[in-house]
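Chain residues, written in single-letter form:
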Amino acid sequence: MLNVKIFKKMYCFDLDVNFSINKEVLVIQGHSGSGKTTILDCISGLKAPETGEISIGNKTIFSSEKNINMRIKDRNVGYVFQNYALFPHMTIEKNILFGLECKSLKDTNYIKHIMKVFNIDHLKKRYPKQISGGEKQRVALARALSIKPDVLLLDEPFSALDVETKSIVYEEFLQLKKLYSIDIILVTHNPEEARLLGDKIIHISYGKIKEAENAAALAADVAIE
């Protein structure tokens, strides 16, 4: 279970959010610059809130009151960036192994399993520039999952894909959701994507949660119409 209650001063407004998820996909939507990515950065440890607390299960990874700000590599959080952030000088295999090496882990059998799950084992000796956008997206997800994270953060991971590729990776994501029972936060501008992939949806405006929705109920309403 992921619990987030944080306050952070930003350039034009203050980010002040409070939410929890339990083995679900939470979708965060909002206009550009509303604070969506900052929330992910605070959970991952790339940024620190001024005050508040973030916990994963019984583990507190940030607490202003208790003076806790756990290192990024100790939080066990997977992060897929919008541009995938693959290392261009590394092969696909080495990109995926990078997370394990950072945490001094050596479960290479699990890496082989992950590569088969995402159907990218045949790409392991190639470099990022030699593979397609859909393949890069799979590699980025595989790398994020290689550390067996407790929380997976996804920042617009499908935005650069064409319509045909999106339909394929949506199906893969739904299978991923069933296969790995972890907390997932997905940032997306696409309302259809949010309803298809999410369990809950929250809308952020100028750093505040303005509205929360049940994605499953919304999807059912659309189907009825």
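Everything discussed here concerns the structure shown above.
This structure is a prediction, so every number in the text was calculated from the model and none was measured.

### Overview of the pairing of strand 5 (residues 59-63)
Strand 5 sits mainly inside the fold: 4 of its 5 residues count as buried. Bridge count for strand 4 (residues 51-56) against strand 5 is 4 bridges, and the pairing is antiparallel. Its bridge partner being in strand 5, isoleucine 54 is matched across the sheet by phenylalanine 62. Hairpin geometry of strand 4 and strand 5 is characterised by an intervening segment of 2 residues between the two adjacent antiparallel strands and by a positive phi of about 65° at glycine 57. In terms of strand pairing, strand 5 meets strand 6 (residues 68-69) through 2 bridges, oriented antiparallel. Within strand 6, the residue paired with phenylalanine 62 across the bridge is asparagine 69.

### Re the side chain of serine 34
On the secondary structure map, serine 34 appears in the loop between strand 3 (25-30) and helix 1 (36-44). One polar contact links the side chain of serine 34 to the main-chain carbonyl oxygen of histidine 31, over a distance of 2.8 Å. Serine 34 has contacts with Phe13, Ile204, Ser205, Tyr206 and Gly207, leaving out every residue within four places of it along the chain.

### Structural notes on the packing of helix 4 (residues 133-145) against helix 5 (residues 163-179)
Across the interface, helix 4 lies against helix 5 with an axial gap of 10 Å and an inter-helix angle of 20°. Taken together, the axes of helix 4 and helix 5 are roughly parallel relative to one another. Handedness of the crossing formed by helix 4 with helix 5: right-handed. Mapping the contact onto sequence places Gly134, Gln137, Arg138, Leu141 and Leu145 in helix 4 and Thr165, Ile168, Val169, Glu172 and Leu176 in helix 5.

### Some thoughts on the packing of aromatic side chains
Two numbers describe a pair of aromatic rings. These are the distance of the centres and the angle of the planes. Applying the stated criterion across every chain yields a total of 5 aromatic pairs. With a centroid separation of 6.0 Å and 85° between ring planes, the pair formed by phenylalanine 158 and phenylalanine 173 is classed as edge-to-face. In this pair, phenylalanine 158 is assigned in the loop between strand 8 (151-155) and helix 5 and phenylalanine 173 in helix 5, connecting sequence segments 15 residues apart. No difference in accessibility class separates phenylalanine 158 from phenylalanine 173, as the two residues are buried. Taken together through their ring pairs, the aromatic side chains of Phe158, Tyr170 and Phe173 make up a single cluster.

### What to know about helix 3 (residues 108-117)
Along helix 3, the residues classified as buried are Tyr110, Ile111, Ile114 and Met115. Projected onto a plane normal to the axis of helix 3, the buried residues spread over an arc of 140° and lie on a single side. Exposed positions of helix 3 whose direction lies more than 90 degrees from the buried face are Asn109, Lys112 and Lys116. Positive phi shows up at asparagine 119, right after helix 3, with a value of about 55°.

### Overview of helix 5
The terminal C-alpha atoms of helix 5 lie 24 Å apart, and with 17 residues this matches the ideal 24 Å at 1.5 Å per residue to within 8%. Of the residues making up helix 5, those classed as buried are Thr165, Lys166, Val169, Tyr170, Phe173 and Leu176. Mapping the buried residues of helix 5 onto a view down its axis gives an arc of 140°, with all of them on the same face. In this structure, helix 5 carries Glu164, Glu171 and Lys178 as exposed residues pointing more than 90 degrees from its buried face. At its buried positions, helix 5 is contacted by strand 3, helix 4, strand 8, strand 9 (183-187) and helix 6 (191-197).

### Brief notes about the pattern of salt bridges
This structure, assessed with the given rule, holds 7 salt bridges. For glutamate 93, the salt bridge identified is with lysine 125, shortest N-O distance 3.1 Å. On the criterion of sequence distance, the pair formed by glutamate 93 in helix 2 (residues 92-102) and lysine 125 in the loop between helix 3 and helix 4 is long-range, its members being 32 residues apart.

### Some words on the pairing of strand 3
Where burial is concerned, most of strand 3 is hidden: 6 out of the 6 residues are buried. Judged by which residues are buried, strand 3 turns out to be covered on both faces: Val25, Val27 and Gln29 on one side and Leu26, Ile28 and Gly30 on the other are all buried. Taken together, the 5 bridges between strand 3 and strand 10 (residues 200-205) define a ladder with parallel strand orientation. Note that in strand 10 the partner of isoleucine 28 across the bridge is isoleucine 202.

### Description of the environment of leucine 97
Relative to the helices and strands, leucine 97 is located in helix 2. According to the relative accessible area criterion, leucine 97 is buried, its value standing at 19%. On a C-alpha basis, the gap between leucine 97 and alanine 142 in space is 9.6 Å, while along the polypeptide they are 45 residues apart.

Reading the values: the criteria
- Every chain begins its residue count from 1, and numbering advances along the sequence as written.
- Whole-chain, interface and lining totals are the exception, using all residues; otherwise, since this is a predicted model, local features are given only for residues with pLDDT of at least 70 and side-chain atom pairs are given and counted only at 80 or more.
- Computation of side-chain values: all heavy atoms of the structure, hydrogens and water removed.
- Only protein chains enter the accessibility calculation, which uses a 1.4 Å probe; a residue is then buried when its area is under 20% of its type maximum, exposed when over 50%, and partly exposed in between.
- Strands here are runs of E lasting at least two residues and helices are runs of H or I lasting at least four, both read from the DSSP assignment and numbered beginning at the N terminus.
- The rule for pairing is simple: two strands pair if DSSP sees at least two bridges between them.
- Between N or O atoms, a polar contact is any pair within 3.5 Å; within protein, one atom must be a potential hydrogen donor and the other a potential acceptor, and residues adjacent in sequence are included only when both atoms are from side chains.
- By definition in these notes, contact holds between two residues if any of their heavy atoms fall within 4.5 Å.
- Axes here mean lines fitted to C-alpha atoms, for a helix over just the part in contact, with angles spanning 0 to 180 degrees between N-to-C directions.
- Should an angle lie under 35 degrees it is considered roughly parallel, over 145 roughly antiparallel, and from 65 to 115 roughly perpendicular; all remaining angles are considered oblique.
- Crossing chirality is assigned from the near helix's rotation relative to the far helix, an anticlockwise turn below a right angle marking it left-handed and a clockwise turn marking it right-handed.
- Pairs were defined over the aromatic rings of Phe, Tyr and Trp, the Trp ring being its six-membered one, requiring ring centres within 6.5 Å. Orientation was assigned from the angle between planes: stacked under 30 degrees, edge-to-face over 60, tilted for the rest.
- Arc definition: directions from the helix axis to the C-beta atoms.
- How far a helix is expected to stretch is found by multiplying one less than its residue total by 1.5 Å.
- Only one rule defines a salt bridge in this text: a Lys or Arg side-chain nitrogen within 4 Å of an Asp or Glu carboxyl oxygen.

Interpretation in functional terms is not warranted from these geometric data alone.
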